[in-house]
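Notes for the structure review
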Amino acid sequence: MTDAHDTAADSSLRTTGGAPPDDDGLSATEAPIPLLEPREGIPPVVADEAALAEVTAAFAAGSGPVAVDAERASGYRYGQRAYLVQLRREGAGTALIDPVACPDLSGLGEALSGTEWVLHAATQDLPCLREIGMVPSRLFDTELAGRLAGFPRVGLGAMVENVLGFVLEKGHSAVDWSTRPLPEPWLRYAALDVELLVDLRDALEKELDRQGKLEWARQEFDAIASAPPPEPRKDPWRRTSGMHKVRRRRQMAVVRELWQTRDRIAQRRDVSPGKVLSDAAIVEAALALPATVHALAALNSFGQRVGRRQLEQWQAAVDRARALSESQLPQPGQPVTGPPPPRAWADKDPEAAARLSAARAGVSALAERLNLPQENLITPDTVRRVCWEPPKVVSAETVAAALTGHGARAWQVEQVTPVLVAALAASAGAS
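Residues numbered from 1 in each chain as written. Predicted model: local features only at pLDDT ≥ 70, side-chain atom pairs only at ≥ 80, totals over all residues. Heavy atoms only, no water.

1. Quick look at the pairing of strand β5 (residues 93-97)
Rules: Partly exposed residues are those whose accessible area sits between 20% and 50% of the maximum for their type, while under 20% is buried and over 50% is exposed, using a 1.4 Å probe and protein chains only. Helix numbering and strand numbering both begin at the N terminus, where a helix is a DSSP run of H or I of at least 4 residues and a strand a DSSP run of E of at least 2. Two strands are said to pair when DSSP picks up at least two bridges between them.
Within β5, 5 of the 5 residues are buried, which leaves it mostly tucked inside the rest of the structure. Relative to β5, strand β2 (residues 45-46) is paired through 2 bridges, and the arrangement is parallel. Bridge pairing in β5 links V46 to I97. Across 5 bridges, the pairing between strand β4 (residues 82-90) and β5 is antiparallel. By the bridge assignment, R88 is partnered in β5 with T94.

2. Some points on the domain arrangement of the protein
Accessible area lost upon the coming together of the parts serves often as the stated size of an interface. How we decide: The start and end points of each domain follow an automatic or database-based domain assignment.
For the protein, the assigned domains read domain 1 (33-226), domain 2 (236-323) and domain 3 (342-428). Distance between the C-alpha centres of domain 2 and domain 3: 42 Å.

3. Some thoughts on the sheet that holds strand β3 (residues 63-72)
To keep things clear, this is the line we draw: Residues are treated as being in contact if the distance between any of their heavy atoms lies within 4.5 Å. Each axis is a line fitted through C-alpha atoms, taken for helices only over the stretch in contact, and angles between the N-to-C directions span 0 to 180 degrees.
Read from one edge of the open sheet, 6 strands run β2-β5-β4-β3-β6-β7, paired in mixed fashion. Taken across any chain shown, the strands that pair with only one partner, and hence form the sheet edges, are β2 and β7 (138-141). The strands that helix α2 (residues 49-61) touches are β2, β3, β4 and β5; relative to β5, the one it contacts most, it runs at about 145°.

4. Some points on unusual backbone geometry
For the bond from R180 to P181, the omega torsion is -5°, close enough to zero to count as cis. The phi dihedral of A121 is positive, around 60°, even though this residue is not glycine. Structurally, A121 is set in the loop between β6 (116-119) and α4 (122-131). For N371, which is not a glycine, the phi torsion comes out positive at approximately 60°. Structurally, N371 is set in the loop between α16 (350-370) and α17 (374-377).

5. Observations regarding the environment of Q328
Worth spelling out the cut-off: Under the rule applied, a polar contact is a pair of N or O atoms within 3.5 Å (in protein, one hydrogen donor and one hydrogen acceptor; residues adjacent in sequence only if both atoms are side-chain atoms).
On the secondary structure map, Q328 appears in the loop between α14 (308-322) and α15 (345-348). Residue class for Q328 comes out partly exposed when judged on its relative accessible area of 45%. When the C-alpha atoms of Q328 and R250 are compared, they prove to be 9.6 Å apart, with 78 residues separating the residues in sequence. A distance of 2.8 Å separates the side chain of Q328 from the backbone nitrogen of S325, its partner in a polar contact.

Written out as C-alpha cells, the structure reads:
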C-alpha cells in the first residue's frame, strides 16, 4: 500500500471537491486513495498495567502532537463512558487501550501534559476522557478547524478525503464498543481513525494561517481546553422526545416519573435508557394517563411486547404521578434565565425585535464574507442577549464589553462588535 504518511506530506492541502470556496491556489485532480491498514498494522489492545506502563513510556518519549480518539457505546450502554481509547504520536506509533481493563489513565495523561492533543470534535470525547484521567492542557480540534476554514463537510472521513486525499472506512462508527473481545475489523477502523489525524492537523493549520484565521482557531481551542466540566442538566426528563405534545401538568408528572424510573433501571442494568423504554412509550402513557395495568397494556407502545411484571412497574410510576398533589406537579416550563423566545419579541418589545432583526442580518452577512458558519462567528444566544438588553450607551467599548461578558472570544469581539454597534444604532435611530 502507498505509505499514507509520505503521500500526505507531499501535499499539505489536497482537495477532492470539499475545499473551502475561497480555495485560491488549491488544486486536486487525483482520485482519493482508500486507507485500508494502519502503517504498522493493528497494535495489540492494551489491557493490563504492564502494557499500559510500556505505552505510557513510549508516548512520553515521542515527539510532536498526539492524536487522540475515544469510542463509546452510545445506544447500547448507560452513560457516555469510553470503551476504547486510541492514540498516535511520532516515535510511539499507535496504541489501542481498553479503559475497562485499565480504568485509570491519569498516568498516561500526565505523561502527555504540555503536549498538544489532536482530536476531532473534541467536546464529544473530552467528557469520557476526563472520567479516566486524561485531560489535555492544549488541543487542536480538526472538526472546528474545518468549520473555521469554511469546509462544508467536517466529519472526519470527509475531512481526511477532502484535505489529504484518503478514504477512511466508516462502517463501524455505531457499533457496540463495549463488546469484548473487540473484533479485528473494529480495531482496524479504530486505529485508522488516528492514523492521519496529525497530518490533517498540519494541513488545516496551514490553511487557517493562509486565511488569516489561525489565531482565531487557537483562541477557540484554548477555550475548549480550559472550559470546566458542564453542569448537570436540570430536569433532563423535559428533553424527552415528543415532549411538545404534553401540555397538562399531570401528564408532565407522568413523563417525569416514567423517565426517572427508566433511568434508574437503565443505570442498574448498564444499558441505554432507550432499550428499557422508548421516549414514544413515555409520552403515549403520559397522554393517556392509564388508571390500570390493563389500560396501560392497551397502549400501542406497551401491549404484547411488555411483560406483566414490567407493566406493573410502569403503572406504579404512572400511579405515583396520579397521586401527586397540585403543588407537587411540575411547572409547565423551565425557569427562563435569558431572553424570551425570539418569536415573542415583536409582542413583548418591538424595539428589541428590530434590533435582533438588524443584528441577525449583519452577522449573517459577516459570516458569509468570512466564509464560516454563523454559530462559530458568534453564538445566536449571545446575539439575542445583547439585543434584548443592550448597553445603555451604545459604543464599540460597551458592546465589546457586553460580548466579552457573555463569553465571546477576543477574535469574535473584534469581528462582531462593529456589526452589532451598527445594528443597535440603526434600530435606535429608527425608533
